[in-house]
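Geometric and topological summary
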Amino acid sequence: MQRSSRTVAALVGVPAVLGLAACGSGGSDEPFAGKSADRIAADAVKATKEADSMHMKGTVRQSSGESVTVDLSVDQSKNCEGSIGSNGARADIRHSDATLYLRGDEQYWRSALKGQPGGDRVVPKVKDKWVKAPADDAMTQGLCDKQGLLASMDEDTSERTGMKKDESTTDIDGTKAVRLTKKTSDGRTLALYVAAEGKPYILRTTEQGGKQPNTATFGDYGKKVSPQKPPADETVDLKEIAQGAGGGQV
C-alpha cells in the first residue's frame, strides 16, 4: 500500500518552509554588535542545526494548493512526537526505539489508502489506532530526521545575502528576537526571526506574496523528547491487517 506513505510524505513540504532560514538572520545591537546580517544568518543556521532538539509548528502550502500543518518535536536521535494534518485529516506521530507509531483519523486513512486493494476494509481497523511501522519503512523516511528537515538551510547560501535588519526587536513566544526581511525578484517577502538572547536560534520564518505562503515557528531548543510507546491494546500492525484484507505489502 504505497499510497499510505504519500500522505505522511506531505512533510516533504516542510523543508520549503525551513529553506527560508537560508535567506538570512536577525540580530539586536547588543548580542550581534559588529556582525553583518549575512554572518548572523550563518550563525543562526549553525546553532539551529547543532541544537540537541527542537519543536517546530507551522503551515506549508504546497504547489498543489494543499495546506499541510506540522506540529512536531524532534531530536538528533530521531525521537519525535507530534502531529500532521491536511484538508481536515489529522495524524498523531511518535517515533522511538526504531519504531514509528502513527494514529490517524478516518479521513486520514481514507485518503492514505484510497484506491488500494482492500483499503476500505482496512480503514475501520486502523482509524484512531496506533499503527506501527519499522524505522526503514517508507512512512518514516525524513519524518523524524531533524537534520533532514533542516538540510535545506544550507542548500543555497547565496540566499542569505541582501537581508535588511529591523532596528527594534520583537517578541516571539516570550523570547526577544530580531527580524530580517528580504524581497525576492519574484515578489515574495521573506522574514526570519532570530533569538537575540542566548544562542542565536531561529524562532520563526515566514514567506508572503508568493504562491506558497507559509509560516514556521521554532522553540523548545534542547528540551528532551521522550515519546511514550502506545498501549498494546491500542496498537495495530498495518502490514498484518493489509495482508489479511488482501492488500499485500504496505
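Values in this document were obtained by computation on a predicted structure and should not be read as measured data.

Calculation notes
Residues numbered from 1 in each chain as written. Predicted model: local features only at pLDDT ≥ 70, side-chain atom pairs only at ≥ 80, totals over all residues. Heavy atoms only, no water. Helix = DSSP H or I, 4+ residues; strand = E, 2+ residues; numbered from the N terminus. Buried < 20%, exposed > 50% of the residue type's maximum accessible area, 1.4 Å probe, protein only. Contact = heavy atoms within 4.5 Å. Areas by Shrake-Rupley, 256 points an atom, 1.4 Å probe, with all protein chains shown as cover. Arc of directions from axis to C-beta. pLDDT = per-residue confidence, 0-100. Salt bridge = Lys/Arg side-chain N within 4 Å of Asp/Glu carboxyl O. Core = buried A, V, L, I, M, F, W, Y, C linked by side-chain atoms within 4.5 Å. Expected span 1.5 Å × (residues − 1). Polar contact = N/O pair within 3.5 Å; in protein donor to acceptor, adjacent residues only side chain to side chain. Phe/Tyr/Trp six-rings, centres within 6.5 Å; stacked < 30°, edge-to-face > 60°. Pairing = 2+ DSSP bridges.

**Quick look at the overall build of the protein**
When its secondary structure is counted, the protein shows seven helices and 13 strands. Expressed as a percentage of its 250 residues, the buried residues of the protein come to 50%. Relative to all contacts within the protein whose residues are 6 or more apart in sequence, the contacts with residues 24 or more apart total 55%. Accessible area for the protein stands at about 12,000 Å²; split by element, carbon and sulfur atoms hold 43% of it.

**Thoughts on helix H5 (residues 119-126)**
Among the residues of H5, those classed as buried are Gly 119, Val 122, Val 123 and Val 126. Seen along its axis, H5 keeps its buried residues to an arc of 110 degrees; they face one direction. Turned more than 90 degrees off the buried face of H5, the exposed positions are Asp 120 and Arg 121. Immediately beyond the C-terminal end of H5, within one or two residues, lies Asp 128, with a positive phi of roughly 65 degrees.

**Focus on the confidence of the model for the protein**
As a general rule, the predicted coordinates of low-pLDDT regions are not to be interpreted in detail. Chain-level statistics for the protein give a pLDDT mean of 79 and a share of 74% at 70 or above. Across the protein, strand E8 (residues 170-172) holds the top mean pLDDT of 94, while helix H2 (residues 14-18) sits lowest at 42. Every residue in residues 1-29 scores below 50 in pLDDT, and together they form 109 contacts with partners more than four places removed in sequence or on other chains.

**Quick word on the pattern of salt bridges**
Charged atoms that come close allow side chains of opposite charge to pair. Scanning the model with the defined rule gives twelve salt bridges in all. One salt bridge connects Arg 103 with Asp 92, and the closest N-O pair in it is separated by 3.0 Å. Of the two residues, Arg 103 sits in strand E5 (residues 99-104) while Asp 92 sits in strand E4 (residues 89-96), which places them eleven residues apart along the sequence. Each member of the salt-bridge network shares a partner with another, and the members are Glu 106, Arg 110, Asp 120 and Lys 127.

**So, the nonpolar core**
Ile 93, Tyr 108, Trp 109, Val 126, Ile 202, Phe 218 and Tyr 221 are the most contacted members of the largest nonpolar core, which totals 46 residues. With five residues, the single largest contributor to this core is strand E10 (residues 189-195). One finds Met 163, Val 178, Leu 180 and Ala 196 within the second-largest nonpolar core, a separate group that totals five residues.

**A short note on helix H3 (residues 37-50)**
Counted at 1.5 Å a residue, the expected span for H3 with its 14 residues is 20 Å, and the 20 Å between its end C-alpha atoms agrees. Buried within H3 are the following residues: Ala 37, Ile 40, Ala 41, Ala 42, Asp 43, Ala 44, Val 45, Ala 47 and Thr 48. On its buried face, H3 sits against helix H6 (146-150), strand E9 (175-183), E10 and strand E11 (202-208).

**Side note on the side chain of Thr 217**
When you line up the elements, Thr 217 lands in strand E12 (residues 214-219). At a separation of 3.0 Å, a polar atom in the side chain of Thr 217 contacts the side chain of Arg 204. Apart from residues no more than four positions distant in its own chain, Thr 217 is found in contact with His 55, Met 56, Lys 57, Asp 173, Leu 203 and Arg 204.

**Let's talk about the packing of aromatic side chains**
With the rule as written, the count across this model stands at two aromatic pairs. Here Tyr 108 and Trp 109 contribute two aromatic rings whose centre-to-centre distance is 5.0 Å and whose plane-to-plane angle is 90 degrees, an arrangement assigned as edge-to-face. Ring centres of Tyr 201 and Tyr 221 lie 3.9 Å apart, and the angle between their planes is 10 degrees; this geometry places the pair in the stacked category. Linking Tyr 201 in the loop between E10 and E11 with Tyr 221 in the loop between E12 and strand E13 (235-237), this pair joins segments that are 20 residues apart in sequence. Residue Tyr 201 shares its accessibility class with Tyr 221, and that shared class is buried.

**A few points about the pairing of E10**
Burial analysis of E10 places six of its seven residues in the buried class, which makes it a mostly covered element. One ladder, built from seven bridges, connects E9 with E10; its direction is antiparallel. In the sheet register, Thr 181 faces E10, and the bridge partner there is Ala 191. In this structure, E10 lies alongside E11, joined through six bridges in antiparallel fashion. Opposite Tyr 193, over in E11, you have Arg 204 as the bridge partner. Counting the residues between successive antiparallel strands, the hairpin from E10 to E11 contains six residues, one of them, Gly 198, with a positive phi of roughly 70 degrees.

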